Amino acid sequence: MRYLTLFAVISLQLSAFSQTKYTQKLTQYRSQYLPEKVFIHTDKQVYAAGETLWLSSYLVDGQTHKLGAFSTFIRLELRNSQQEPIQEVKLFSPEGRSQASLTLPADLLPGTYQLLAYTSYQRNSGEEYLFQKTIQVVSGLQATNMEESGESTSYIPAALGESQIEVQFFPEGGDCVGGLPCQLALTAMDAQGTPRIVEGSISSSDEPSSQFFKTNAQGMGIVGFTPQAGKIYYAEIEDKKYLYKLPEILAEGYTLQVLNQPAQFQLVIRTNILNGLEGSTIVVHHRGIPYLEEELNLKGQATLISIPKEDMAPGVYVATVFTPSGEPMAERLFFSAPEASDTELRIELGPGVYQKRAEVELAVSLPELSAGVDSLDGADLSMSIVPSIANGKELEDIRTWLLLNSDVNLPLVEARSLLFEQAPNVRDQLINQWLMTRGWRRFRWQEISSPEAEPPFPLERGIYISGKMSKKEKKDVPQPGKVYLSILEDNLFEEATTNEQGEFSFGPYLLFDTTDVILQGRFKLGKKGKNNLEKIDLKDNTQANLSLDKELSRPELSFPTFPTKAREPSSTIEAYTTLSQNVLAIAKNFDSLLIQLDEVEITAKRISQAEKRRNDLAFYGTPTRRMVVDSIPGGRDLPFVRDLLIRMPGVTQVGGEIRVGGPTSFQGNQSPLLLVDGVPVPWDYLANISVRDVEFIDLLKGPDASIFGARGGNNVILIYTRLTSYLTDQPTPGLLRFSHIGFHKAREFAVFDSTDPKNTDRPDLRTTLHWNPHIAVKGNSAHTEFFETSDQAGSFTAIVQGIRKNGQVLWGSKQFEVK
């Protein structure tokens, strides 16, 4: 106990500190690894199969929480309880904001599902860093077999039964050291992951139980004892029913304890090494931002450092003790809690009780709105208004995620109620216990001290189309050359020279929805060709194979999967199921969304399989004219493709040039745009094509050619060869045509207009009364929204959340009634 008697007490002024080596490492780490965070706001918590899930996304700098990060798009997945993707989209977020509308499959089984949102670059910090949110799905109009689904619509707490309780122990600071007081945090849960209240005591092989403990309702507890080096300690649970071995006791080392006092945090550093603090360093950072670095030039073996709270921004802080040689020996997380008033949004609704189909005016402001620092000007918000039964139990919001859960290796499930509904002393005690069992997820000091390495997951700033060109018969042997890319809908034509491994890349592009892409590869034979890659053109050798790089693998989450059973009370599930089924029935009857038509006998001209394939190639729709070569008498016997072209009505040859519409008085190039197998080519390329290889020719004139923009000003001729993979089901040498799924385009949220005569007799039972995914506040006045109540009576909840331009997180909620 002698190490507790003398403390060197340091009260630090944190206005400035020198840029010493650990601060420099933190700064270098940020410049090298660019931390990012994602948050998703959904319109509600509970959905029915067949409904639309509306969401708004926030992509922020991982340290400052200001909108806009280094990546420009977010990968979003909806997964089932087996972590299998149900839907996947990409959200373009150039300034940190985007939105989506996901229509849930009508046959989706009831149960708990998970939204996963992340940037590719975030995965370099660990996949437990990715944003997750659970949603509850109830059955829609389409019946589902609950026995087959394996899901339950009511949450039944797991019974202890005969399953052994899992208990984990976490020494404060990292280790228990012989002769030094040790605070030991513990968690207890059963085999189903349910927190358990257990009682027990600490004992050793030669000492009876002396220190007793008990976990709380969250399954957490703390016990203190002073261990001796060389002894083995155990925790005895429930009258010695279970016995657990505690972590090994170090013979020499350091401990770090954090005390949360009303006006300050106190960091207690101890060591059992004589003069072990001399030359050691304490470093504190806030989300990777340097906050404190102090070298402890002390002769003693214990010290106390006080950090005043008044200047501390809210969030997770990490304190680390380094030995004189620079080795991290003890680390502790602690949390500076936000004041509710600092994150509060005021929502005003007028009377608070409304009639059905009444217009409502809603105002959003800060509690103390002024022209100065409290202004909402520049804030970015999102808003949802839903029946209270659809909102479910809120476990997370933008404040709890960005300030707390996004910075630790396992989220605190009920963080919102703990942070903002508990008394400060209860809140601080519970969060302190929980953080003692958590680890900082961003980096380890050993990692940022290692030489710079290329991160495995790249920074994505758009959509890239990349792949490899190889020999036709030996796909594992690279074939250097040129690759030509065509995206005809966007009038995009580019070329790229491969490297010696045959690798190529195009982008970044802004491609939305599904886009048809054509790649064409060319190369020259012999060693001479390898040295003249730039001189390759579309007339060169086509005998190559093109392949695309594989899409990034999906994250495999390393922490326990989310519960497969419903979190919501059964009464909420039943009430929402009834409401949503009524809504879907109305949609079926009034919108003809799901109407099953009587069988009608249709007589139409049968289209051959060959003609169907030709039509599949024509992304531009019906051509002005089409010539199928086999239907032209003597067509296969013509010597040149040009002779074939001038047999098409409207195509002529003037002075050796092909024209559409005959000679004109205009000056300059009057040749139409020529495409072969969907790829733009020069007219002298026709010399490489035999008439025998041509399957059909399409002609686009006037408005039909407008899809090609200015390039189609002289009309368009499209030649399709018999080698085209769409026509033969065989790969075409040097050609790869595919559909690329680009960025998601969200639908616009439909507003119900009760004044429309079509809606006079239509019941209005919307499960989302109002949704605005992107509110960009301008000016210092309150923001105002207007919406209309429905035909449903009862309680409704409005939720608004977002971020101010300085990175401050905001949240507000308001309930109102409809008679």
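Nothing here was measured: the structure is a model prediction, and the numbers come from that model.

### Quick look at the overall build of the chain
For the chain, the count of helices and strands is 13 helices and 47 strands. When each of the 819 residues of the chain is scored for burial, the buried share is 51%. Per element, the accessible surface of the chain, about 38300 Å² overall, is 49% carbon and sulfur.

### As for the sheet that holds strand β44 (residues 770–776)
The strand order across the open sheet formed by five strands is β27-β47-β46-β29-β44, and the pairing between neighbours is mixed. Strands with a single pairing partner mark the edges of an open sheet, and in this sheet they are β27 (353–354) and β44. Bridge analysis of strand β29 (residues 380–387) against strand β46 (residues 794–803) gives eight bridges, and the strand direction is antiparallel. Among the inter-strand pairings, V386 is bridged to a residue of β46, identified as T797.

### Description of the state of the cysteines
If you walk through the whole model with that rule in mind, you get one disulfide. One disulfide in the model links C176 with C182; its S-S distance is 2.0 Å. Taking the torsion about the sulfur-sulfur bond, which here is approximately -45°, the covalent link between C176 and C182 counts as left-handed. Exposure remark for C176: the relative accessible area of 3% places this residue in the buried category.

### What to know about the nonpolar core
Grouped together as the largest cluster of nonpolar side chains are 31 residues, with contacts concentrated most on I40, L55, L76 and L115. Residue contributions to this core peak at five residues, all from strand β4 (residues 52–61). Setting aside anything within four residues of it in sequence, one finds I40 in contact with L55, S56, S57, L76, L115, A117, F131 and K133. Counting 25 residues, the second largest nonpolar core, distinct from the first, contains L538, V629, M648 and I719.

### So, the sheet that holds strand β7 (residues 97–103)
Taken together, three strands build an open sheet; the order of strands is β2-β4-β7 and the sheet is antiparallel. Two strands bound the open sheet, and with one partner strand each, they are β2 (36–42) and β7. Here the strands of the sheet are splayed against their neighbours by 25° on average, with no regard to which way each runs. Bridge count for β4 against β7 is seven bridges, and the pairing is antiparallel. Pairing of L53 across the sheet is with L102, part of β7.

### As for the packing of aromatic side chains
Two aromatic rings, taken as a pair, are described by how far apart their centres are and by the angle between their planes. For the structure on display, the rule yields 19 aromatic pairs. Members of the aromatic cluster, joined through ring pairs, are F39, Y58, F131 and W401. The ring of F265 has K309 lying over it, and the distance from NZ or CZ to the ring centre is 4.8 Å.

### Here we look at the pairing of strand β13 (residues 199–204)
Side-chain direction in a regular strand flips from residue to residue, so the side chains alternate between the two faces of the sheet. Of all six residues that make up β13, five are buried, and the element is covered over most of its length. Pairing geometry for β13 and strand β14 (residues 211–214), over four bridges, is antiparallel. Paired with S201 across the bridge in β14 is F212. Between β13 and β14, which pair antiparallel one after the other, the connecting turn spans six residues. Strand direction decides the pairing type here: β13 and strand β16 (residues 233–237), joined by five bridges, are antiparallel. Of the residues in β16, the one forming a bridge with S203 is Y234.

### Structural notes on the pattern of salt bridges
Within this structure, the stated rule accounts for 27 salt bridges. The partner of R97 in a salt bridge is D380, with the nearest N and O atoms 3.2 Å apart. Taken together, the residues span a long stretch of sequence, with R97 in strand β7 and D380 in strand β29 at a distance of 283 residues. The pair formed by R97 and D380 is uniform in burial state, with each residue classed as buried. D764 is paired through a salt bridge with R766; the nearest N and O atoms lie 2.8 Å apart. Here D764 matches R766 in class, with each residue buried. Linked through salt bridges whose partners overlap, the residues forming this network are E611, R614, R626, E695 and D698.

### Focus: the pairing of strand β42 (residues 716–721)
Within β42, six of the six residues are buried, which leaves it mostly tucked inside the rest of the structure. Neither face of β42 is open: one carries V716, L718 and Y720, the other I717, I719 and T721, and all of them are buried. In terms of strand pairing, strand β39 (residues 673–676) meets β42 through four bridges, oriented parallel. For L674, the partnering residue across the bridge sits in β42 and is I717. Relative to β42, strand β41 (residues 694–700) runs antiparallel, the two sharing six bridges. Bridge assignment links L699 to a residue of β42, and that residue is I717.

### Considerations on the side chain of E127
With respect to the helices and strands, the residue E127 is situated in the loop between β8 (111–118) and β9 (131–138). The exposure class of E127 is buried, given its relative accessible area of 16%. A polar side-chain atom of E127 sits 2.7 Å from a polar atom in the side chain of R123.

### Details of helix α7 (residues 424–435)
With 12 residues, α7 ought to run about 16 Å at 1.5 Å a step, and its terminal C-alpha atoms sit 16 Å apart, in line with that. Within α7, burial applies to R427, D428, L430, I431, Q433, W434 and L435. Elements in contact with the buried residues of α7: β12 (182–189), β15 (220–225), β19 (254–260), β25 (328–336) and α6 (415–420).

### A word on the environment of F506
Mapped onto the elements of the fold, F506 is located in strand β33 (residues 503–509). In this structure the C-alpha to C-alpha distance between F506 and I465, which are 41 residues apart in sequence, comes to 5.1 Å. Excluding residues that lie within four positions of it along the chain, F506 makes contacts with I463, Y464, I465, V483, Y484, L485, E494, E495, A496 and L519.

### What about unusual backbone geometry?
A cis geometry characterises the amide bond from G507 onward to P508, with omega recorded as 5°. Structurally, the position occupied by P508 is in strand β33. A positive phi is found at R287, a non-glycine position, where the angle reads about 55°. Summarising the element assignment, R287 is placed in the loop between β21 (280–286) and β22 (289–296). Backbone geometry at R357 places phi at a positive 55°, although glycine is not the residue there. On the accessibility criterion, R357 (24% relative accessible area) is partly exposed.

### Considering the confidence of the model for the chain
If pLDDT is low for a region, its predicted coordinates should not be looked at in detail. Put simply, the chain has an average pLDDT of 82, and 85% of its residues get 70 or more. Considering only residues more than four positions removed or in separate chains, one finds that residues 1–19, a stretch of pLDDT under 50, has 44 contacts. Residue range residues 559–566 is modelled with pLDDT below 50. Its contacts to residues more than four positions away, or to other chains, number 28 contacts.

### So, the side chain of S57
Looking at the element boundaries, S57 is found in strand β4. Taking relative accessible area as the criterion, S57 reaches 0% and is therefore assigned buried. Of the polar contacts made by the side chain of S57, one reaches the side chain of S98; its length is 2.4 Å. Setting aside residues up to four positions removed in sequence, S57 forms contacts with F39, I40, I74, L91, S93, G96, R97 and S98.

### Points about the environment of S795
Of note, S795 is situated in strand β46. On the basis of relative accessible area, S795 is assigned to the partly exposed category, the value being 25%. Note: C-alpha distance between S795 and V818 (23 residues apart in sequence) is 6.6 Å. With near-sequence residues (within four places) excluded, S795 lies in contact with P387, S388, Q815, F816 and E817. At a separation of 2.8 Å, a polar atom in the side chain of S795 contacts the side chain of S388.

Parameters at a glance
Residues numbered from 1 in each chain as written. Predicted model: local features only at pLDDT ≥ 70, side-chain atom pairs only at ≥ 80, totals over all residues. Heavy atoms only, no water. Helix = DSSP H or I, 4+ residues; strand = E, 2+ residues; numbered from the N terminus. Buried < 20%, exposed > 50% of the residue type's maximum accessible area, 1.4 Å probe, protein only. Areas by Shrake-Rupley, 256 points an atom, 1.4 Å probe, with all protein chains shown as cover. Pairing = 2+ DSSP bridges. Disulfide = S-S within 2.5 Å. Core = buried A, V, L, I, M, F, W, Y, C linked by side-chain atoms within 4.5 Å. Contact = heavy atoms within 4.5 Å. Axes fitted to C-alpha atoms, helices over the stretch in contact; angles between N-to-C directions. Phe/Tyr/Trp six-rings, centres within 6.5 Å; stacked < 30°, edge-to-face > 60°. Lys NZ or Arg CZ within 6 Å of the ring centre and 35° of its normal. Salt bridge = Lys/Arg side-chain N within 4 Å of Asp/Glu carboxyl O. Polar contact = N/O pair within 3.5 Å; in protein donor to acceptor, adjacent residues only side chain to side chain. Expected span 1.5 Å × (residues − 1). pLDDT = per-residue confidence, 0-100.

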